[in-house]
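Close look at the chain arrangement
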Amino acid sequence: EGEKEGKEEEGGGREGRDERGRGSEHEDDRREREEKMGMTASIAAAICVVRAKAHSLQMNIAKCVYWYTAALKRDALCTEALDVLCSHYLLSKAEQLKLVDSLDTKDYGEWLRMLYQVKLPAVLSPAARLATAKKLKVEYGMKQTHDLTYVEARACSDRFDLTRSLSLTTPVINKGVMHEDCIILHAITLYRLDKEPELYLLGHKLSEDYPNSQIGLFVVGCYYLLQAKKNDSRTKRALVYFEKSVSKSWYFLPGWMGYAFAYALKSSTDEVLRAYSRAERFAPGSHYLPLCTGMEYLATNQVALAFRYLKLAKSLCSTDPMVHHELGIAAYRMGEVEKAASHLTRVLDLLRQYDDRIVDERDYCHVDFLEPLYCNLGHVMRRRECYSEAVEYFKRAIALRPKHAANYSALGLTYAMMGSDALAIDVLHTALSLSPFEKYASELLDKLMNWMADVNVDEAVGMMTSSFSCI
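Okay, so let's go over this structure. (Residues numbered from 1 in each chain as written. Predicted model: local features only at pLDDT ≥ 70, side-chain atom pairs only at ≥ 80, totals over all residues. Heavy atoms only, no water.)

**A look at the overall build of the protein**
Counting its regular elements, the protein contains 26 helices and 0 strands. Counting all 471 residues of the protein, 53% fall into the buried class. Nonlocal contacts in the protein, meaning residues at least 24 apart in sequence, comprise 58% of its contacts between residues at least 6 apart. Summed over its atoms, the accessible surface of the protein is roughly 22,000 Å², and 51% of this surface lies on carbon and sulfur atoms. (Helix = DSSP H or I, 4+ residues; strand = E, 2+ residues; numbered from the N terminus. Buried < 20%, exposed > 50% of the residue type's maximum accessible area, 1.4 Å probe, protein only. Contact = heavy atoms within 4.5 Å. Areas by Shrake-Rupley, 256 points an atom, 1.4 Å probe, with all protein chains shown as cover.)

Okay, structure coming up:
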């Protein structure tokens, strides 16, 4: 019987295969045989999970995904299959939506479908995930489990509310719970917030409690990667630990991302792109890989290639603010100002969902994302000749980073284009006081101070285009 099923899987199901080659023609026959053998739903699902693990070891992604999905169709409570599909990014957005729609939850209620929606990252936007998680607790009485805590922390992180994300994961870490997703997210958040001592303590504790574990190696790699920002010699050690973490499991996406980021610090573009390309084979549903590939191409000024990868990232996850931010930058560099404005305003819409404060107070959104966003919106509005809106955005960027001279230069240029020469001179003096070698401010100030009647505004606009920032 096992040989018969193997032949059906390999050769008999061609007509029922979807675009990734998964057989489905004989699904009903399998279920009939399982019922005749007296298998319960949980046992049938467990067998499917074992088959999926066997295929994953053979690096047969298509059959691996097929059997994990089959496990969930047999038993909607098979959390192991769901966790692997989520953490390994094995499903695209369309496949995630299809999986949620195909689930038989009539025996459990609507709460189970909602739980699937918040755990699958591409189904709902970050704000919608937070609202759904709250609804599960308030209306359905679900307890604050570690999984639900991770869902909320992940949604906050995706909205760049890093402080709140860290406050959610910290109690889980302090309890000593080995929740892998929470630990990974906690370590990444510590890295993004430059909390080096906390990251060191976490890596040290994991190395003691779980020596040579994949998660421990990753956290230590994050610590050395953070140190590498100040000391280039630490980059090699970060690469060693990330490589060890990936060698434990090729499906470990955070390890691949850390490996690529370490090479990015060394400005090794070829190695970075090679790492993303290899990781894409093991995490076909992740939008982070095409997103980061597009950002790398933007950094090397290959805008057409960058735009292609960023569009792919959007097709995989259209609710990530970073995707629209980078698409806005790419459109701006391609001269498509209206598209750039559309994408960047979409970022604000996504951030404002669920909580308006996130774009109005610096405590609710990480400055490293919000300040470049406002600066970029200011440049776009200036190019559209919406000068009052541009001034407002530049002022917001300055409020977040008062010592960033480039923002003052951009604001001075906008005032000059509005004809407010006195205001422009005052702002440009401020820019030069912060950075005496700010050439854009210096050149424009010379023209204004000499009261040149024929100031070539188009030339000044061309100079400022290169300051369109990207994190």
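**So, helix 24 (residues 421-434)**
Taking 1.5 Å per residue, 14 residues should reach 20 Å; helix 24 reaches 20 Å between its end C-alpha atoms and fits that length. Ala424, Ile425, Val427, Leu428, Ala431 and Leu432 are the residues of helix 24 that are buried. Its buried side turned inward, helix 24 meets helix 23 (405-418) and helix 25 (439-449). (Expected span 1.5 Å × (residues − 1).)

**Side note on helix 17 (residues 288-299)**
Over its 12 residues, helix 17 runs 16 Å from end to end, which matches the ideal 16 Å to within 8%, given 1.5 Å per residue. Listed in full, the buried residues belonging to helix 17 are Tyr288, Leu289, Pro290, Leu291, Cys292, Thr293, Gly294, Met295, Glu296, Tyr297 and Leu298. Of the surrounding elements, those touching the buried residues of helix 17 are helix 9 (146-158), helix 15 (253-265), helix 16 (269-282), helix 18 (303-316) and helix 19 (321-333). At the exit of helix 17 stands Asn301, carrying a positive phi of roughly 65°.

**Here we look at the pattern of salt bridges**
Considering all chains together, one arrives at 16 salt bridges under this definition. As a salt-bridge pair, Glu271 and Arg274 come within 2.9 Å of each other at their nearest N and O atoms. Highlighted residues: Glu271 and Arg274, both in helix 16, separated by 3 residues, approximately one helical turn. On the accessibility criterion, Glu271 (30% relative accessible area) is partly exposed. A cluster of three or more residues bridged by salt bridges with shared partners is formed by Asp83, Lys119 and Asp147. (Salt bridge = Lys/Arg side-chain N within 4 Å of Asp/Glu carboxyl O.)

**Considerations on the packing of helix 14 (residues 234-248) against helix 15**
Helix 15 packs onto helix 14 with a crossing angle of 160° between their chain directions and a minimal axis gap of 8 Å. It follows from the interaxial angle that helix 14 and helix 15 lie roughly antiparallel. Both helix 14 and helix 15 take part in a crossing whose hand is left-handed. Across the interface between the two elements, Thr235, Leu239, Phe242, Glu243, Ser245 and Val246 of helix 14 pack against Gly255, Trp256, Gly258, Tyr259, Ala262 and Tyr263 of helix 15. Taken together, the residues of the contact of helix 14 with helix 15 break down into 7 nonpolar, 4 polar and 1 charged. (Axes fitted to C-alpha atoms, helices over the stretch in contact; angles between N-to-C directions. Parallel < 35°, antiparallel > 145°, perpendicular 65-115°, else oblique. Left-handed = near helix turned anticlockwise from the far one by under 90°. Nonpolar A, V, L, I, M, F, W, Y, C, P; charged D, E, K, R; others polar.)

**Quick notes on the environment of Tyr374**
Along the chain, Tyr374 turns up in helix 21 (residues 367-383). Overall, the relative accessible area of 2% leaves Tyr374 in the buried class.

**Details of the packing of aromatic side chains**
Inspection of every chain in the model, using the stated rule, returns 15 aromatic pairs. Ring centres of Trp250 and Phe282 lie 6.0 Å apart, and the angle between their planes is 20°; this geometry places the pair in the stacked category. Here Trp250 is found in the loop between helix 14 and helix 15, whereas its partner Phe282 is found in helix 16, with 32 residues between them in sequence. Taking the centre distance of 5.6 Å and the plane angle of 80° together, the rings of Tyr251 and Phe282 count as edge-to-face. Taken together, the residues span a long stretch of sequence, with Tyr251 in the loop between helix 14 and helix 15 and Phe282 in helix 16 at a distance of 31 residues. By relative accessible area, which is 6% here, Phe282 ends up buried. Pairwise contacts between aromatic rings join Tyr200, Tyr223, Tyr224 and Tyr241 into one cluster. (Phe/Tyr/Trp six-rings, centres within 6.5 Å; stacked < 30°, edge-to-face > 60°.)

**Here we look at the nonpolar core**
With 78 residues, the main nonpolar core has Tyr68, Leu72, Leu85, Tyr116, Leu199, Phe218 and Val219 as its most contacted residues. In contact with Leu85, other than residues within four places in its own chain, are Val65, Tyr68, Thr69, Leu72, Leu90, Leu91 and Leu99. If you look at the next biggest cluster of nonpolar residues, it comprises 59 residues, including Ala390, Tyr393, Met417 and Ala424. (Core = buried A, V, L, I, M, F, W, Y, C linked by side-chain atoms within 4.5 Å.)

**Quick notes on the packing of helix 4 (residues 61-74) against helix 5 (residues 79-87)**
It is the contact of helix 4 with helix 5, at a shortest axis distance of 8 Å, that shows an interaxial angle of 140°. By the angle class used here, helix 4 and helix 5 are oblique. Seen along the crossing, helix 4 lies across helix 5 with a hand that is left-handed. For the pair formed by helix 4 and helix 5, the contact residues are Val65, Tyr68, Thr69, Ala71 and Leu72 on the first element and Ala81, Leu82, Val84 and Leu85 on the second.

**Things to note about the environment of Glu438**
Here Glu438 lies in the loop between helix 24 and helix 25. Each C-alpha atom, one on Glu438 and one on Ala406, is 7.5 Å from the other, the two residues being 32 residues apart in sequence. Residues in contact with Glu438, not counting those within four places in the same chain, are Ala405, Ala406, Ser409 and Leu432.

**Some thoughts on unusual backbone geometry**
Despite not being glycine, Ser267 has its phi angle at roughly 60°, a positive value. Mapping Ser267 onto the fold places it in the loop between helix 15 and helix 16. Exposure remark for Ser267: the relative accessible area of 62% places this residue in the exposed category. Backbone geometry at Asn301 places phi at a positive 65°, although glycine is not the residue there. For Asn301, the position within the fold is in the loop between helix 17 and helix 18. Residue Asn301 is classed as exposed on the basis of its relative accessible area, which comes to 57%.

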